[in-house]
Amino acid sequence: MGRKYFGTDGIRGRANAKPMTADLAMKVGMAAGIAFRRGDYRHRVVIGKDTRLSGYMLEPALCAGFTSVGMDVLMLGPIPTPAVAMLTRSMRADIGVMISASHNPFEDNGIKLFGPDGYKLSDEIEEEIESLLEEDLSRHLAQGDRLGRAKRYDDGGRDRYAEFAKRTLVRNMTLDGMRVVIDCANGAAYKVAPEVLWELGAEVVRLGTEPNGTNINLNCGSTSPAALCAKVREMRADVGIALDGDADRVIIVDEHGEIVDGDQIMAVIAESFAEDGRLASGGIVATIMSNLGLERFLGDRGLSLARTKVGDRHVVEHMRQHGYNVGGEQSGHIILSDYGTTGDGLVSALQVLGVVARGDRPVSEVCRKFEPVPQVLKNVRFSGGEPLEREKVKLAISSGRDRLGNAGRLVIRPSGTEPLIRVMAEGDDPHLVNMVVDDIIGALNQAA
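What counts, and where the lines are drawn
Residues numbered from 1 in each chain as written. Predicted model: local features only at pLDDT ≥ 70, side-chain atom pairs only at ≥ 80, totals over all residues. Heavy atoms only, no water. Axes fitted to C-alpha atoms, helices over the stretch in contact; angles between N-to-C directions. Helix = DSSP H or I, 4+ residues; strand = E, 2+ residues; numbered from the N terminus. Parallel < 35°, antiparallel > 145°, perpendicular 65-115°, else oblique. Left-handed = near helix turned anticlockwise from the far one by under 90°. Contact = heavy atoms within 4.5 Å. Salt bridge = Lys/Arg side-chain N within 4 Å of Asp/Glu carboxyl O. Buried < 20%, exposed > 50% of the residue type's maximum accessible area, 1.4 Å probe, protein only. Pairing = 2+ DSSP bridges. Core = buried A, V, L, I, M, F, W, Y, C linked by side-chain atoms within 4.5 Å. Phe/Tyr/Trp six-rings, centres within 6.5 Å; stacked < 30°, edge-to-face > 60°. 1 Å grid on protein atoms, 1.4 Å probe; cavity = no way out; pocket = protein on both sides within 12 Å on 5 of 7 lines; lining within 4 Å. Points joined across faces, edges and corners; volume = space filled by probe spheres on them. Expected span 1.5 Å × (residues − 1). Nonpolar A, V, L, I, M, F, W, Y, C, P; charged D, E, K, R; others polar.

(A) Representation of the packing of helix α5 (residues 154-167) against helix α6 (residues 192-199) within the structure. Axis separation between α5 and α6 bottoms out at 10 Å; the angle between their running directions is 45 degrees. In terms of their interaxial angle, α5 and α6 are classed as oblique. Considering the relative orientation of α5 and α6, their crossing is right-handed. Each of R158, Y161, A162, E163 and K166 in α5 lies in contact with α6, whose residues at this interface are V192, E195, V196 and E199.

(B) Structural view of the pattern of salt bridges. For the structure on display, the rule yields 35 salt bridges. A salt bridge links K112 to D246; the shortest N-O distance between them is 2.7 Å. Taken as a pair, K112 in strand β5 (residues 108-114) and D246 in the loop between β9 (239-243) and β10 (250-253) lie far apart in primary sequence, 134 residues in all. D246 carries the same exposure label as K112, and that label is buried. For R313, the salt bridge goes to E126, with nearest N and O atoms at 3.6 Å. Taken together, the positions of R313 in helix α10 (residues 312-322) and E126 in helix α4 (residues 123-133) put the pair 187 residues apart, joining distant regions of the chain.

(C) Looking closely at the sheet that holds strand β4 (residues 95-99). In space, the six strands of this open sheet follow the order β1-β5-β4-β2-β3-β6, with mixed pairing throughout. Both edges of this open sheet fall to β1 (11-14) and β6 (150-152), since each of them pairs with a single strand only. Strand-to-strand, the axes of this sheet are offset by a mean angle of 15 degrees, without reference to chain direction. Sheet topology note: the strand β2 (residues 43-49)/β4 ladder contains five bridges and is parallel. When the bridges of β4 are listed, K49 appears paired with I99. Packing of helix α1 (residues 22-35) onto the sheet brings it into contact with β1, β3 (71-78), β4 and β5, and relative to β5 it is tilted by some 5 degrees. Its contacts with the sheet put helix α3 (residues 81-90) on β2, β3, β4 and β5, and the angle it makes with β4 is roughly 170 degrees.

(D) Looking closely at the sheet that holds strand β16 (residues 375-381). If you trace the three strands from one edge of the open sheet to the other, you get β16-β18-β17, paired in antiparallel fashion. Looking along the sheet, the strands with just one partner apiece sit at the ends: β16 and β17 (408-414). Averaged over all pairs of adjacent strands, the angle between their axes in this sheet comes to 10 degrees, without regard to strand direction. Sheet topology places β17 next to strand β18 (residues 420-427); seven bridges connect them, and they run antiparallel. Bridging across to β18, R413 finds its partner in R422.

(E) View of the nonpolar core. In terms of nonpolar packing, the biggest core is built from 71 residues, with I241, I252 and I284 touching the most fellow members. The biggest single contributor to this core is helix α11 (residues 345-359), with eight residues. Residues within four places of I241 in sequence aside, it is in contact with V180, V181, I182, D183, L197, L228, V250, I251, I252, A349 and L353. Membership of the second largest hydrophobic core comes to 34 residues, among which are V28, M30, A32 and I47.

(F) The arrangement of the packing of aromatic side chains in detail. Taken as a whole, this structure holds two aromatic pairs when the rule is applied. Both rings, one in Y161 and one in F164, keep their centres 5.9 Å apart while their planes meet at 40 degrees; by these two values the pair is tilted. Remark: F164 and Y161 occur in helix α5; sequence separation between them is three residues, near one turn of the helix. Take F164: its relative accessible area is 13%, and that puts it in the buried class.

(G) Structural context of empty space enclosed by the protein. Under the counting rule described, the total for this entry stands at two cavities of 30 Å³ or more. Here the largest cavity is characterised by a volume of approximately 100 Å³. Together, 13 residues line the largest cavity, and Y339, G340, T341, T342 and D344 are the ones closest to its centre. Those elements giving two or more residues to the lining of the largest cavity turn out to be α3 and β15 (334-336). Tallying contributions element by element places α3 first for the lining of the largest cavity, with four residues.

(H) Geometry of α1. An ideal rise of 1.5 Å per residue puts 20 Å on 14 residues; α1 measures up with 20 Å between its terminal C-alpha atoms. Taking burial as the measure, the 14 residues of α1 include 10 buried ones, the bulk of the element. The complete set of buried residues in α1 reads L24, A25, V28, G29, M30, A31, A32, G33, I34 and A35. Close packing links the buried residues of α1 with β1, α2 (55-68), β3, β4, β5 and α4.

(I) Fine view of α6. The set of residues buried in α6 consists of V192, A193, P194, V196 and L197. Contacts from the buried residues of α6 go to α5, β7 (179-183), β8 (203-207), β9 and α11. Positioned one or two residues after α6, G201 has a phi angle of 110 degrees, which is positive.

(J) Spatial organisation of the packing of α1 against α2. The N-to-C vectors of α1 and α2 enclose an angle of 35 degrees; their axes lie 7 Å apart at closest approach. The interaxial crossing formed by α1 with α2 has right-handed handedness. On the side of α1, the interface is formed by A22, A25, M26, V28, G29, M30, A32 and G33, while α2 contributes M57, L58, A61, L62, A64, G65, F66 and S68. Grouping the amino acids of the contact of α1 with α2 by side-chain chemistry returns 12 nonpolar, four polar and no charged.

(K) Region of the structure containing the side chain of N109. Relative to the elements of secondary structure, N109 occurs in strand β5. Here N109 is in contact with I11, R12, G13, A15, M20, R52, S54, G55, L58, I99, S100 and A101, once residues within four sequence places are set aside.

(L) Main features of unusual backbone geometry. For the bond from K18 to P19, the omega torsion is 5 degrees, close enough to zero to count as cis. Here P19 lies in the loop between β1 and α1. Even without being a glycine, A247 presents a positive backbone phi close to 65 degrees. Structurally, A247 is set in the loop between β9 and β10.

Function-wise, these values are silent; they only describe arrangement.
Structural data, given as structure tokens:
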């Protein structure tokens with residue numbers, strides 16, 4: 001069946017407009033609760049959220065849906081997406097829910113669902129939930145004392161996640177003497193991330209830790225790191241860490257205020273794990289967007305790079321199928337399956353800081369593992385139709401591939417979360433790469 005509600009990362013849209021309304025949120029709670037009822041016992045759901053104003057609308061609506069079908073709800077308050085995934089497993093919940101639109105602006109919101117194993121739902125379960133959303137669910141309503149109960153668990157959930165994150169470092173390792181600037185994007189990690197860094201011994205400078213409901217991801221966080229770069233230089237900090245709104249992705253900034261992207265972070269972690277004999281399956285998993293330089297770096301060390309479609313769920317799926325324990329995206333989604341089931345910005349940052357602390361070298365040396373191949377990524381916004389099916393666009397793409405040949409790569413794809421077409425090209429000749437992208441962008445602009 002066609003997917004009406006679920007996209008590449010749950011359900012997402014403009015808050016208080018279809019489909020992201022309180023009415024739909026309540027129905028999602030009902031449908032997901034029905035889909036995950038197993039046996040005759042008190043079922044449990046954990047619900048986390050980021051700091052968007054619309055979370056106050058969607059959280060009680062989801063609670064109403066879940067409790068109406070007999071599920072008990074623990075409301076975790078503002079907490080990172082990976083914390084919800086972790087708590088779903090550790091608290092033996094039947095479902096985990098994260099209310100967030102990740103790196104999108106505050107006007108948007110979304111609903112991400114996790115199964116009892118802490119992984120995002122399969123296509124089959126999402127389709128089952130979609131089917132239930134189209135039905136009259138009144139016959140599934142709980143009666144009498146079978147109704148669910150809801151209560152808050154804000155501090156408890158955050159404390160459990162903080163202890164989990166700290167335990168991902170080797171025993172007795174500290175960040176003593178390290179000055180860290182942390183930018184939490186005014187999002188879900190605004191409390192827990194600075195606390196963890198301080199408890200590990202770092203001197204912490206905070207950015208993006210004053211959410212007001214409308215400033216999440218606004219000129220801050222991993223998608224807008226300019227303020228972090230400036231603050232690192234101003235404070236003469238050792239390192240900067242930028243999370244996104246729900247803290248499932250991370251960008252590092254070195255002591256010079258230079259950005260370290262997800263490809264370099266994966267290279268650091270992969271090399272460290274390989275040296276410790278911990279890297280599974282002889283390599284890592286990344287997407288088609290990761291830089292060719294990462295692939296060459298790994299190859300020089302006898303390690304492999306398996307590529308998937310864009311989206312952390314595709315990376316996770318390949319990791320699970322083939323036994324990898326490190327994977328991620330250039331954007332900073334880093335999945336370390338020894339520790340978690342989804343991208344975790346804080347835990348990934350701690351692994352990098354652990355390498356820095358252990359080697360007693362500056363971040364600029366630790367995190368510059370390879371020289372990236374020149375890469376250009378541009379977006380074209382469109383309002384409808386199928387621009388990629390236009391003949392002029394097809395010709396521009398075919399010509400671009402021919403011009404790059406074997407010395408480069410070209411990736412064109414629609415965004416899974418926004419009405420955008422992304423055009424990425426890379427190759428050893430930066431002038432040629434720019435020309436190829438501009439030609440395709442021009443054709444897309446005419447079509448869009």
